[in-house]
Amino acid sequence: MKHLDAPLHVQGLSQFTDDVRPPRDMVHGVVFGSPVARGVIRALHVEEATASPGVVAVLTAEHIPGNPLFGPIIQDERLLAQDEVAYVGQPLAIVLAETRADAVRARALITAHIDEQEPQFDPRAAYDRGDIIGKPVAFAMGDVDGVWAQCAHVVEGSCSIGGQEHVPLETNRARAFPKEDGQMLIWSSTQSPYAVQRAAAKILGVPENKVEVDVKRLGGGFGGKEDQATHWAVMAAVAARHTARPIEIVLHREEDIRMTGKRHPYESDFKIGLDDDGLILAFEAKHFQNAGAFADLSMPVLERTLFHSTNAYFIPNVRVHAACCRTNLAPNTAFRGFGGPQGMFVIEAAIAKAADAMGLAPDQIQAKNLLRDGDELYYGQKTERCMMRRTWDEAAEAFDLESFRKRAHDFNAANFGVKKGFAVMPVCFGISFTKSFLNQAGALVHVYTDGSVSVTSGGIEMGQGLSTNLQAIAARTFGIDPARVKVEATNTTRVSNMSPSAASATTDLNGNAVIQAVREIRAGLLRVAGELLGAAPDSLTIAHDRVARDGKSTEIDWNRLVSEAYLRRRKLSAYGYYATPNLSFDHATNKGNAFAYHVYGTCITEVSLDCLRGIYTIDSVKVVHDLGRPINELVDLGQVEGGLMQGLGWMTMEDLVWDEKGRYTSGSLSTYKAPDVYFAPDDLDVRFLPFWENEPGPLGAKAVGEPPLMYGIGVYFALQSAIRAFAPDTALVFKTPMTPERALLALHPDWSPSPSADRS
Amino acid sequence: MPTVFYLNDSLVRAAASPGVLALDYIRHECSLTGTKEGCKEGDCGACTVLMGEREGDTVRYQPVTSCTLPLGELHGRHVVTVEGLNLPDALSPVQSAIVDEGATQCGYCTPGFVVSLTALLLDATKTLSDDNVKYAIGGNLCRCTGYRSLKAAGARIREGVESKLTPDRVASLVNAGAIPAYFATMARKLAAIESPASPAPARTPAPSGTAPPPLLLAGGTDLYIQRGDRIPDQDVVILNRLPGMRTIEERDGRIHAGALVTFEQFMQSAQLRKIMPALHDYGLLMASWPIRNRATLSGNILNASPIADMVSLLLVLDSELTFRSGSAKRSVPLRSFYTGYKTYDMRPGEILEAVSFPVPAPGTLFHWEKVSKRRTLDIATVNTGIRMRMNGGVIEDAAVSLGGVAPVPLYLEETSRFLTGREPSVETVLAAIDRAQAECAPISDVRGSAGYKRLLVRQLILAHFLTLFPEELTMERFYEAS
Ligand SMILES: Cc1cc2nc3c(=O)[nH]c(=O)nc-3n(C[C@H](O)[C@H](O)[C@H](O)COP(=O)(O)OP(=O)(O)OC[C@H]3O[C@@H](n4cnc5c(N)ncnc54)[C@H](O)[C@@H]3O)c2cc1C
Ligand code: FES
Ligand code: FES
């Protein structure tokens, strides 16, 4: 089975938001963003822009008809800034014109007089000032303070973890169409249609039922469109209301990078205690999250950091503190892994540092402390059907872990200027939204009288293969050919109150909802079949487009069954609803069952480092991953490989740089580099555990979207070990990404630039 | 005068300004939305199209990024978008390989990959090896797949198609049903488009106070990135529509390269590869295939970026620039051409016509290094070239260039002079590095800190010598000595 949309994609026939032929009178909007990172707005002059050729209108904060404040958790953000600005690029005005070129020309005529204030970018300093969003949070188990004294080795350190730009190939964009009676239709490239609907309704000052949001597909999201697609969609809606014309807003790449948030940079401290054998007895971490200027999703992201701070290890005594620290960057947001990667990096750094102090290989400590079935995690959930050690053992065996050690050792002994390093990265990642109420989904299934089937869910197709999965789920549950099933655009009038397509849970939640709907229709159809055949419905099934009785085909095929049901006035549509059972996380005590289950896997990464130039190649990445029983193996393989590649990029070349004024100097694809085909390792070998039925997943599947990203963390430690092979005295530093610059400087710890004092 | 060209199988007469971007024209005026916009700066490849130029009774196709391509350039050309590769009732081998390997997820990058891989099939100079598959898609970003499946798609295409290819790639691909049949008719159709009288470039400076002189557009790969929004409204001269300036010739002991020679042409030139045996590998570190098909020598020289890669090569070749204004010609050595950040010795009304340099004596050693954050399709943090003529173990003549460490691309005069007459020993190299450090003044920016760039200066000069004298010099000995 292939990707459902693949034939359209390869022919250039699949339509994205702005590929549909625009209505004649469509107006183009561009956004004027704050030129400064922090300050008080004295005046905003838009008169010249308004008079510029082709301009229809220029909208500012005063044009917001309803409640100007929005935000997914705390409503602390304004659609258009008023009084003050808090990051470079914060939207101040929308220029609407007949063409995009007219709008861009007019935008250059806007002037903003802003009294600049000293911007803040350091999360630790923000924490010290008390400038945090929400409250600090702590997860704890056991008696950390009491145990340090018993540890043979206690190691402390700190990490500085870089952020990451999403770079979905399709930037943020939306169209809005004004409709009768104050209604609004919005097409948005969003992972969260309901977030758009809710925000648009509030900001337009209308009930939610007057806003319809429709999403066909996304050219990538990765979390960047979970909450931050909302802004542009709502701006388009406000503009459509104001002008009574259809509006399109398409961000150009540089606008998208400048105006939207990224994966959160973190500053973290750790302390780890071990016995002489490398058993971890206690672990403590403090995470200072660089949240940016507004709350956005920073709090739930922070929470997931807390959940994943011991990654794949059982540690009896744990204490993790964390806080969202306010800075003058664009509000940082969801990104595949959602805070988990930062938490995992820190424990891996702690293990690397402890191993170094103890003269052990990091993988010896890792292997010793892996989770077992039934272990109680520090947030109170016990692992069930835990595959952690199994994936580790299979990876160690299938890929011959010892051969990596030997190869690095022999190669490094024989070569001066090139060094090899490797690292193992086990991953344990919890599946479910940690805000339990989000773990619900609806799906609408129609069967038409010609036997074709329409499926709408609350999930978004963004390349992760949701429609392919839903098609397979519906077809298999009905017992019909998948070709009969069409998966529709996501639309808020067909499915209500949907949760964002996020947390890897989209197929789990929506697939289960589709199963509910299909089962209801199918049960009715089998009753009809029973009437036709004079048989008890429970002796009947549908398989291969035909009713079977006690396993044997009957003369009733799917088309006949459906038309009989119609003629007999039976229900051929159903709305399925699913809520993940057994979730009971208590946010007062921070204990409970936060996740439906965990995903496990183990990755081995090997690198070669050119110690003369500081550049490196990833020789191989080898993975054993647990999928349960995949709905579509090809789709899931793509998820593992793609997630892994983003993780590799995050740890190596994806370097977010801003200047002292808070402007991203890595603000385009010429300065912000993401992996290309030459960077991708030629030897990428992903294997799966033998398939098994994961009961909470639809048809036994496991979620797969996010966990593989964290395999990428291994490359940092592989590079570090190669650096150490060349420069044994270089300090172990945990500062990501490991750019060629950081690698070369680490290889030459004694380097000090000579002659003149350069400007820096 | 309208721009007349074929877009897929249809004749287009475009009245729009020649400076309008091909991408915008294709998407908005022609409603062909398979071509995607991912960056509008040449860096993602989502907008890649084929541009076909008639050569006798065949058409030669090259992939180019339509987001850096002026409409005016298309006159008499065949432009192929992903839609133009669709067969009437089947997927093409490229398309089906991508489908079968699961090498498309969100699909936004996919049309670009289809076009780039098809470009590889159409290029008679290239096999379908794994390396060439990477070569072909090196300018295409995919954020979803991780590339393994795309490489596998390349291998699958090779298995299905390679045995059917003949030197006439268009004909054999049409016969194999791998591209639509209309391709076979294009040479004839393009011949029927009359070539317009060359628009005259401004050769005399505009008198002050009147309209600004027209913008000279070569490949557009710098201009559109820097000021793309304004070009459609401007009066432009499409330099590629002028005759000449596109060949590489050897005459009187010198190589003469037309100013409009592209990066790709330069790196593929057999003549130049004799002089610089590793030239092709250097080229791989410059931009990407679709950009190299457009980027010109003159654009690189006149954009005057401190990290210009071609300039760094041309500096050590001791190049001379020839400018023309009307019938007047003037020559300037490249080494003394730059006067400050993005300022240089060029006069109003001039165009750069050619670059020439002496053919180095046989046995001249040559090497070039570049380090950037990403190895490929990235701008250099530091680049450097070296040329040395040896005589019995002594450096008889040396030239070293260094980019990214000063407001202009540097020719290291002191360092080059110092090396002359010395043996390539550890001491010589260490002393040369000191001189190079004294000649440069890097600053910190998004591509690296000043201290890092200085370290790179040391490392890359070292790399020159380690590469050129592998027998005599080892990295270990340097590290012991320094
Ligand atoms: C994605 C991407 C990657 C890149 N990678 C690299 C890289 O790796 N290394 C590198 O060095 N550069 C790189 N570049 C920059 C660019 O491609 C080169 O500088 C290229 O040589 C510019 O040539 P062009 O013909 O496109 O110039 P244009 O943009 O057409 O012109 C540049 C300037 O030169 C003037 N000009 C051009 N030709 C003439 C002439 N004959 N007479 C008078 N004036 C003229 C133009 O008026 C303009 O001012 C990259 C660019 C992009 C978009
Ligand atoms: S749009 Fe990215 S290369 Fe043209
Ligand atoms: S498939 Fe989404 S960017 Fe390539």
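For clarity, every value in this text was computed on a predicted model and none was experimentally measured.

A few words now on the overall build of chain B. Summing up its helical and strand segments, chain B has 18 helices and 18 strands in all. Taking 23 Å as the expected radius of gyration for a compact globule of 482 residues, we find that chain B reaches 23 Å, a close match to that expectation. With the principal axes as the frame, chain B shows a C-alpha extent of 70 × 60 × 40 Å. Counting the 482 residues in chain B, one finds 54% classified as buried. Taking the intrachain contacts of chain B between residues at least 6 apart in sequence as the baseline, contacts between residues at least 24 apart amount to 66%.

This part takes up the overall build of chain A. Each helix and strand in chain A was counted, giving 19 helices and 32 strands. Taken over the C-alpha trace, chain A has a radius of gyration of 27 Å; the compact-globule value for 760 residues is 27 Å, and the two agree within 12%. When its C-alpha atoms are laid out on the principal axes, chain A stretches across 85 × 75 × 50 Å. Residue burial in chain A is summarised as follows: out of 760 residues, 61% are buried. Within chain A, counting contacts between residues at least 6 apart in sequence, those at least 24 apart form 80% of the total.

This next bit is on the packing of helix α15 (residues 506–533) of chain A against helix α16 (residues 558–567) of chain A. All names here are of chain A. Between α15 and α16, the least distance of the axes is 9 Å, while the angle of their chain directions is 95°. In terms of orientation, α15 and α16 fall into the roughly perpendicular class. Residue-level contacts link Gly524, Leu525, Val528, Ala529 and Leu532 of α15 to Leu561, Glu564 and Ala565 of α16. Along the lines of polarity and charge, the residues of the contact of α15 with α16 split into six nonpolar, one polar and one charged.

This next bit is on the interface of chain B and chain A. A common measure of how large an interface is: the accessible area buried when the components associate. Each partner contributes residues to the interface: chain B has 71 residues there, and chain A has 71 residues. Secondary structure elements with two or more residues in the side of chain B that touches chain A: α2 (93–100), α3 (110–122), α4 (130–137), α5 (148–161), α16 (426–439), α17 (450–468) and α18 (475–481) of chain B. Classifying every residue of the side of chain B that touches chain A by side-chain character gives 32 nonpolar, 23 polar and 16 charged.

Residue and element names in this part refer to chain B. Partitioning chain B into domains gives domain 1 (1–194) and domain 2 (248–477). Placing a centre on the C-alpha atoms of domain 1 and another on those of domain 2 gives a separation of 33 Å. Contacts between domain 1 and domain 2 engage 13 residues on the former and eight residues on the latter. Those elements that place two or more of their residues in the side of domain 1 that touches domain 2 are β4 (58–65) and α4. With four residues, the single largest contributor to the side of domain 1 that touches domain 2 is β4. For the side of domain 1 that touches domain 2, a count of residues per class yields four nonpolar, eight polar and one charged.

Residues and elements named next belong to chain A. One open sheet holds the four strands; their spatial order is β18-β29-β30-β31, and the pairing between them is mixed. Of all the strands in the sheet, the pair left with one neighbour each is β18 (418–431) and β31 (683–688). The sheet shows a mean angle of 15° between the axes of neighbouring strands, taken without regard to direction. Here strand β30 (residues 615–625) runs beside β31; their pairing, made up of six bridges, is parallel. In the sheet register, His625 faces β31, and the bridge partner there is Phe688. Here helix α13 (residues 401–414) sits on the sheet in contact with β18 and β29 (597–610), set at roughly 155° to β18.

Let's shift gears to the site of ligand 1. Residue and element names in this part refer to chain B. The environment of ligand 1 is made up of 32 residues, and the closest members are Gly42, Ala218, Gly219, Gly299 and Asn300. Looking at the shell around ligand 1, the elements with two or more residues in it are β6 (215–217), α8 (223–227), α13 (297–303), α14 (309–316) and β14 (351–358). Per-element tally for the shell around ligand 1: the top contributor is α13, with five residues. For the shell around ligand 1, the residue count by class is 17 nonpolar, ten polar and five charged. Counting contributing residues, the shell around ligand 1 receives three or more from each of domain 1 (1–194) and domain 2 (248–477).

The strands making up a sheet associate through hydrogen bonds between their backbones, and the pairing can be parallel or antiparallel. Residues and elements named next belong to chain A. Spatial strand order, β23-β24-β25: three strands in an open sheet with antiparallel pairing. Every interior strand has two partners, whereas the edge strands, β23 (540–543) and β25 (552–557), have only one. Along the sheet, successive strands turn relative to each other by an average axial angle of 40°, direction set aside. Where strand β24 (residues 546–549) and β25 come together, three bridges link them in antiparallel fashion. Paired with Ala548 across the strands is Ser553, a residue of β25. Against the sheet, α16 engages β24 and β25, with an angle of about 55° to β25.

This part covers the packing of helix α17 (residues 633–651) of chain A against helix α18 (residues 713–726) of chain A. Residues and elements named next belong to chain A. At their nearest, the axes of α17 and α18 sit 7 Å apart, and the two run at 45° to each other. With respect to α18, the element α17 is oriented oblique. Seen from above, α17 lies across α18 with right-handed handedness. Packed against α17, whose contacting residues are Gly647, Leu648 and Met651, the element α18 presents Ile713, Val715 and Tyr716 at the interface. Broken down by class, the residue content of the contact of α17 with α18 amounts to five nonpolar, one polar and no charged.

Residues and elements named next belong to chain A. With an omega of -5°, the peptide bond between Thr736 and Pro737 qualifies as cis. Note that Pro737 resides in the loop between β32 (734–735) and α19 (740–747). Backbone geometry at Arg569 places phi at a positive 55°, although glycine is not the residue there. Mapping Arg569 onto the fold places it in the loop between α16 and β26 (573–579).

The next thing to look at is the nonpolar core. A general tendency of soluble globular proteins is for nonpolar side chains to be buried together. Residue and element names in this part refer to chain A. In terms of nonpolar packing, the biggest core is built from 398 residues, with Val95, Ile186, Ala200 and Ala236 touching the most fellow members. In terms of residue count, α15 provides more of this core than any other element does, eleven residues in total. Those residues in contact with Ile186 that lie beyond four places of it in its chain are Ala174, Ala176, Val196, Ala200, Val211, Val213, Ala233, Ala236 and Ala237.

Time to look at the pairing of strand β10 (residues 320–325) of chain B. Residues and elements named next belong to chain B. Here six bridges tie β10 to strand β11 (residues 328–333), and the two strands are oriented antiparallel to one another. What sits directly across from Ser325, in β11, is Ala328. What sits between β10 and β11 in their antiparallel hairpin is a turn of two residues, with Gly326 showing a positive phi close to 60°. The pairing of β10 with β14 spans five bridges and is antiparallel. Across the sheet, Arg324 pairs through a bridge with Ile351, a residue of β14.

All right, on to the domain arrangement of chain A then. Residue and element names in this part refer to chain A. We note that the domain assignment places domain 1 (6–118 + 166–259), domain 2 (266–433 + 589–747) and domain 3 (440–579) within chain A. Every contact between the two is made by 25 residues of domain 1 and, on the other side, 25 residues of domain 2. Considering each element in turn, the side of domain 1 that touches domain 2 owes the most residues, five residues, to helix α8 (residues 253–259). For the side of domain 1 that touches domain 2, the residue count by class is eleven nonpolar, six polar and eight charged.

Attention now goes to helix α12 (residues 388–398) of chain A. Residue and element names in this part refer to chain A. Among the residues of α12, Met388, Thr391, Trp392, Glu394 and Ala395 are the ones counted as buried. Where α12 is buried, its residues contact α11 (362–368), β18, β29 and β30. Of the residues trailing α12, Asp400 is marked for its positive phi of about 60°.

All names here are of chain A. Residue position: Ser573 is located in strand β26. For Ser573, a count of 13 C-beta atoms within 10 Å puts it in the partly exposed group. In this structure the C-alpha to C-alpha distance between Ser573 and Val445, which are 128 residues apart in sequence, comes to 5.5 Å. Sequence-distant contacts of Ser573, defined by excluding residues within four places in its chain, comprise Val445 and His446.

Criteria and cut-off values
Residues numbered from 1 in each chain as written. Chains lettered and ligands numbered in written order. Predicted model: local features only at pLDDT ≥ 70, side-chain atom pairs only at ≥ 80, totals over all residues. Helix = DSSP H or I, 4+ residues; strand = E, 2+ residues; numbered from the N terminus. Rg over C-alpha atoms; globule rule 2.2 N^0.38 Å. Buried ≥ 20, exposed ≤ 12 C-beta atoms within 10 Å, placed from the backbone. Contact = placed C-beta atoms within 7 Å. Axes fitted to C-alpha atoms, helices over the stretch in contact; angles between N-to-C directions. Parallel < 35°, antiparallel > 145°, perpendicular 65-115°, else oblique. Nonpolar A, V, L, I, M, F, W, Y, C, P; charged D, E, K, R; others polar. Domains from an automatic or database assignment. Pairing = 2+ DSSP bridges. Near = placed C-beta within 6 Å. Left-handed = near helix turned anticlockwise from the far one by under 90°. Core = buried A, V, L, I, M, F, W, Y, C linked by C-beta atoms within 7 Å.

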